[in-house]
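Single-letter residue listing:
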Amino acid sequence: MKLLNLNFLKDIVRELFSNKGNLFFMVLALVISLTALNTIYSLGESAKRQVLEALANLQFGKDALLIIAGGGRIIGLTTTRTDTLKLEDVEEIKRLSFVKLASSWSRGILEVSYQGEAEKLRVDGVDLNYSLANNWYTSSGRFFNQQDMESLAKVCVVGADLPKKFKIKNPIGEKIKIRGEYFEIIGVLEPKTFFGHFRADERVLIPFTTAQRRVFNKDYIDAVKLLFYPDTDMKMATQTIRQILRKRHNLYGVQPDDFRLITPEMSIQRFTEASRTINIFLLAISLISLIISGVIIMNLMYANIEEKAPIIALRIALGATSKILIKHYLTMCLLIALLSGVIGWFLSIILMQAISLFTPLKPLFSWVTFLISLAFATITCVVFGLIPALKATQIEPSILLKSL
Amino acid sequence: MVKKLVLLQNIVKTYQTGNIEHQVLKGINLEVKEGDFLAIMGVSGSGKTTLLNIIGLLDKPTSGTYIFDGQDVSKLNSKEIAFIRNKKIGFIFQAFHLIPWATTLENVLLPLLYRKEGFTKEDEKEAVKLLERLGLIDKIHAKPSELSGGQQQRVAIARALINKPKLLLADEPTGNLDTQSSSEVMKIFKELNQEGLTIILVTHDPEIAKNAKEIKIIVDGVFVEK
């Protein structure tokens, strides 16, 4: 028998479509798990890409370093005091030969309101280097200047989506209330969508000096972004800065750092680690659902074979060997896998489009995902279809003559 | 000398139901030569179906020797048996057993699907010729549900003949047919036998059995004299 005989395939397709109800449920079971698998995988990939894009977008190139106040894990609750990072620390670091630029800021989640509508938003007190350090400029209006800093001006620059949020038509010149005090909007930032509970495009920036003395009333800072000259040895730079900070903060021996140094590699690594954990978890769920659909397919296949026992007996009587019968039913399983794989993929594309309407995630199309899901479908169908196929070979052809 | 196609020697078939052994065939001896037309008659439970199953290689005897076309079939493996069923034996069943989703032509070509070489355009032409002879030329693309009982049985006959078998086994072939269709089918059988095809027919109807050249009666697992 040839490997792919068109007539043999035609016979299988006809048999497959002879019981449409059965076929529907077999495909449905698999389609649900494959759609989930595809969507989860693609959304994960999409999130990863967007975070990497966002990092690049934030001038977090390979020559950048972020110092965040408070020790502990890179992301998560701090395990030490957070009020030890001072402007004086930054001044000393700035004197290092490889440091090109430093931009300090302090931040808080504050109530921001406009015409009676209030929201808890992230408010950052930033210095004049902020735009340069983060590659983030105003699209309309202007950024802060020296005079704003010196006069502790009550002005603000807002994220691209903030005017929309408060339904402000012409934001420049409008006044919003931050913690009960009016601030004039002098500029709107370029859109820079990325993740986080408090989205960047809904952020409010105020002058660093105003933030420290009028809003937060504190003498420490929350973070510093450093840009280095090209070809700086990152390892050496990080090490030097760590030593300076430990010394200035009187940390010796086994005392933990009361700051965190975040390099681009670390942020990517952290993100990959986090997404790996989530991916493994989601993958496990998908695999369980695949196994469930496999069991459903196996049962429906069993029912199918029992129902078609006289036809299978006939095939045996007409000369079909066990090998041919197994090939027959495994090919049928492959067709189910192919059908489900294609439907599942299309559904996941539609689902991703829908998700992208409500979230910042962009839909991602990849042939790799398609092939992976097809491979999973095939494995499921073949593994769970093999038992019913073997059962088919056990059918006694003598049942055909039972009529007497 | 005419060749012996089927030679059964002391064939015994026992079925086990729990602890009870039930002997269905109790030492059957049978010789069928090429060109014979044998009718096996018997009442329900006499063992004629079991015998037909064994002759058609659909079942194995508990003991005894079965030589088919000069080969001792007890020495063959399942693949070789499948080959014989495919190439040398044509089956006709009381319930027709056509594949419901396949057309007349596809049903006729089904045995060729299980040959090593599959089937060609030539085989399709051959099938059309057979269907023409059996008066089904206008039903080539019809599904079994669109055919009458007599037509379905004629499709089954065409299917049994497509591989040019040496032996045609018919199990109560007219059991589900009206008188006219029955006589049509028996006429075809007679013609085929005249052309040299060996036929073994199982029936409980003496009128049908009369069409055969020879009649054997089975009672309680053994052949008896008329």
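Because the structure is predicted, anything quoted here is derived from the model rather than measured. Every chain begins its residue count from 1, and numbering advances along the sequence as written. For this description, chains carry letters from A and ligands carry numbers from 1, given in the order in which they are written. Restriction of local features to residues with pLDDT of at least 70 applies here, the model being predicted, together with a cutoff of 80 or more for giving and counting side-chain atom pairs; totals for whole chains, interfaces and linings are based on all residues.

**Student:** Residues and numbers for the overall build of chain B, please.
**Tutor:** Numbered from the N terminus, helices here are DSSP runs of H or I no shorter than four residues, and strands are runs of E no shorter than two. When helices and strands are tallied, chain B shows 7 helices and 10 strands. Within chain B, the fraction of its 226 residues that count as buried is 45%. The long-range fraction of contacts in chain B, counting pairs at least 24 apart against all pairs at least 6 apart in sequence, stands at 71%. The exposure scheme places C-beta atoms from the backbone and then counts, for each residue, the other C-beta atoms within 10 Å of its own, assigning buried at 20 or more, exposed at 12 or fewer, and partly exposed in between. A pair of residues counts as a contact when their C-beta atoms, built from backbone coordinates, are within 7 Å of each other.

**Student:** Give me the lowdown on the overall build of chain A, citing residues and values where you can.
**Tutor:** Counting its secondary structure elements, chain A contains 12 helices and 10 strands. Sorting the 404 residues of chain A into buried and exposed places 35% on the buried side. A separation of at least 24 residues holds for 81% of the contacts in chain A among residues at least 6 apart in sequence.

**Student:** An account of the sheet that holds strand β9 (residues 214–219) of chain B is requested, with residue identities and associated values reported.
**Tutor:** Residue and element names in this part refer to chain B. A pair of strands counts as paired when DSSP detects no fewer than two bridges linking them. Taken in spatial order, the 6 strands of this open sheet run β6-β7-β8-β3-β9-β10, and their pairing is mixed. Looking at the sheet topology across the chains shown, the edges are occupied by β6 (89–92) and β10 (222–224). Looking at each pair of strands side by side, their axes are set apart by 25° on average, direction ignored. Bridge count for strand β3 (residues 37–41) against strand β8 (residues 198–203) is 5 bridges, and the pairing is parallel. Each bridged residue has a counterpart across the sheet, and for Ala39 the counterpart in β8 is Leu201. For helices, the fitted line uses only the C-alpha atoms of the stretch in contact; every axis is such a line through C-alpha atoms, and the angle between N-to-C directions lies from 0 to 180 degrees.

**Student:** Tell me about the sheet that holds strand β1 (residues 4–17) of chain B, and please be specific about residues and values.
**Tutor:** The 4 strands lie next to each other as β2-β1-β4-β5 (chain B), forming an open sheet whose pairing is antiparallel. Of all strands in the sheet, those bounded by a partner on one side alone are β2 (20–33) and β5 (71–72) of chain B.

**Student:** Describe the pairing of strand β6 (residues 175–178) of chain A, and please don't skip the residues or the numbers.
**Tutor:** All names here are of chain A. What you see with β6 is a clean split: Ile176 and Ile178 sit on the buried side and Lys175 and Lys177 on the side with no burial. As paired elements, β6 and strand β7 (residues 181–189) share 4 bridges and run antiparallel to each other. Looking at β7, one finds that Lys175 is bridged to Glu184. Joining the antiparallel neighbours β6 and β7 is a turn of 2 residues, in which Arg179 adopts a positive phi near 45°.

**Student:** Could you give an account of the interface of chain A and chain B, with specific residues and numbers?
**Tutor:** Listed as interface residues are 25 residues of chain A and, on the opposing side, 31 residues of chain B. Top contributing element to the side of chain A that touches chain B by residue count: helix α1 (residues 6–18) of chain A, with 6 residues. Each residue gets one label: Ala, Val, Leu, Ile, Met, Phe, Trp, Tyr, Cys and Pro are nonpolar, Asp, Glu, Lys and Arg are charged, and the others, such as Gly, are polar. In terms of residue class, the side of chain A that touches chain B is made up of 13 nonpolar, 8 polar and 4 charged.

**Student:** Residues and numbers for the environment of Gly173 of chain A, please.
**Tutor:** Relative to the helices and strands, Gly173 of chain A resides in the loop between α6 (162–165) and β6. Considering only alpha carbons, one finds Gly173 of chain A and Glu184 of chain A, 11 residues apart in sequence, at a separation of 5.8 Å.

**Student:** Run through the nonpolar core, naming residues and quoting values.
**Tutor:** Ranked by size, the top nonpolar core spans 102 residues in total, and within it Leu30, Ile297 and Ile336 of chain A together with Ala158, Leu169 and Ile200 of chain B carry the most contacts. Per element, the largest residue contribution to this core is 9 residues, and it comes from helix α2 (residues 20–57) of chain A. Those residues within four positions of Leu169 of chain B in sequence are excluded, and the remaining contacts are Leu52, Ile55, Gly56, Ile89, Phe91 and Ile200 of chain B. By definition, a nonpolar core groups buried Ala, Val, Leu, Ile, Met, Phe, Trp, Tyr and Cys residues that are joined through C-beta atoms within 7 Å. Formed by 46 residues, the second largest nonpolar core is a distinct cluster that contains Cys156, Leu189, Ile221 and Val224 of chain A.

**Student:** I'd like a description of the packing of helix α3 (residues 87–94) of chain A against helix α8 (residues 234–248) of chain A, backed by residues and values.
**Tutor:** All names here are of chain A. Look at α3 against α8: their axes get within 11 Å of each other, and the N-to-C directions meet at 145°. Where α3 crosses over α8, the two elements pack in a sense that is right-handed. Judged by residue contacts, Asp89, Glu92 and Ile93 of α3 engage Ile241, Ile244, Leu245 and Arg248 from α8. The residue inventory of the contact of α3 with α8, partitioned by class, reads 4 nonpolar, no polar and 3 charged. In this scheme the crossing of two helices becomes right-handed for a clockwise turn of the near helix relative to the far one and left-handed for an anticlockwise turn of less than a right angle.

**Student:** Hey, could you go over unusual backbone geometry for me, with residue numbers and the actual values?
**Tutor:** Residue Arg179 of chain A is not a glycine yet carries a positive backbone phi of 45°. By the secondary structure assignment, Arg179 of chain A is in the loop between β6 and β7. Residue class for Arg179 of chain A comes out partly exposed when judged on the 14 C-beta atoms lying within 10 Å of it. Phi at Asn10 of chain B takes a positive value of approximately 50°, unusual for a residue other than glycine. Here Asn10 of chain B is to be found in strand β1.

**Student:** Quick rundown of α8 of chain A? Include the residues and the values.
**Tutor:** All names here are of chain A. Over its 15 residues, α8 extends 21 Å from the first C-alpha to the last, a length consistent with the 21 Å expected when each residue adds 1.5 Å. Of the positions making up α8, those classed as buried are Ala237, Ile241 and Leu245. Down the axis, α8 shows its buried residues gathered within 60° of arc, on one side only. The exposed set on the far side of α8, more than 90 degrees from its buried face, consists of Lys235, Met236, Gln239, Gln243 and Lys247. Check the buried side of α8 and you find it contacts β1 (64–69), α3, β9 (223–228) and β10 (259–262). A positive phi of about 55° marks Asn250, the residue just after α8. Here the expected length of a helix is defined as 1.5 Å per residue gap, with one fewer gap than residues. To obtain the arc, one takes the directions from the helix axis to the C-beta atoms.

**Student:** Please give an account of the pairing of β9 of chain B that cites residues and values.
**Tutor:** All names here are of chain B. One ladder, built from 4 bridges, connects β3 with β9; its direction is parallel. Bridge pairing in β9 places Ile40 opposite Lys216. The pairing of β9 with β10 spans 3 bridges and is antiparallel. Each bridged residue has a counterpart across the sheet, and for Val219 the counterpart in β10 is Val222. Joining the antiparallel neighbours β9 and β10 is a turn of 2 residues, in which Asp220 adopts a positive phi near 50°.

**Student:** Summarise the confidence of the model for chain A; cite the residues concerned and give the values.
**Tutor:** pLDDT is defined as a per-residue confidence score from the predictor, taking values between 0 and 100. Looking at chain A, the pLDDT average stands at 86 and 93% of residues meet or exceed 70. Mean pLDDT in chain A bottoms out at α2 of chain A, which sits at 81, and peaks at strand β5 (residues 155–158) of chain A, which reaches 96.

**Student:** Lay out the environment of His328 of chain A in plain terms, naming residues and giving numbers.
**Tutor:** For His328 of chain A, the position within the fold is in helix α11 (residues 322–358). The sequence separation of His328 of chain A and Ala392 of chain A amounts to 64 residues, and the corresponding C-alpha distance is 10.0 Å.

**Student:** Would you mind going over the packing of helix α3 (residues 104–113) of chain B against helix α5 (residues 149–161) of chain B in detail, with residue names and values included?
**Tutor:** All names here are of chain B. The contact between α3 and α5 brings their axes to 7 Å, and the two run at 35°. In this structure, α3 crosses over α5, and the sense of that crossing is right-handed. Between α3, through Thr104, Asn107, Val108, Leu110 and Pro111, and α5, the contact on the second element is made entirely by Val155, Ala158 and Arg159. Within the contact of α3 with α5, the residues separate by chemical class into 5 nonpolar, 2 polar and 1 charged.

**Student:** How would you sum up the confidence of the model for chain B? Please name residues and give values.
**Tutor:** Keep in mind that low pLDDT regions are not for reading the predicted coordinates in detail. Counting all residues, the mean pLDDT for chain B is 92, and 100% of those residues have values of 70 or more. In the predicted assembly, ipTM is 0.92 and pTM is 0.69.

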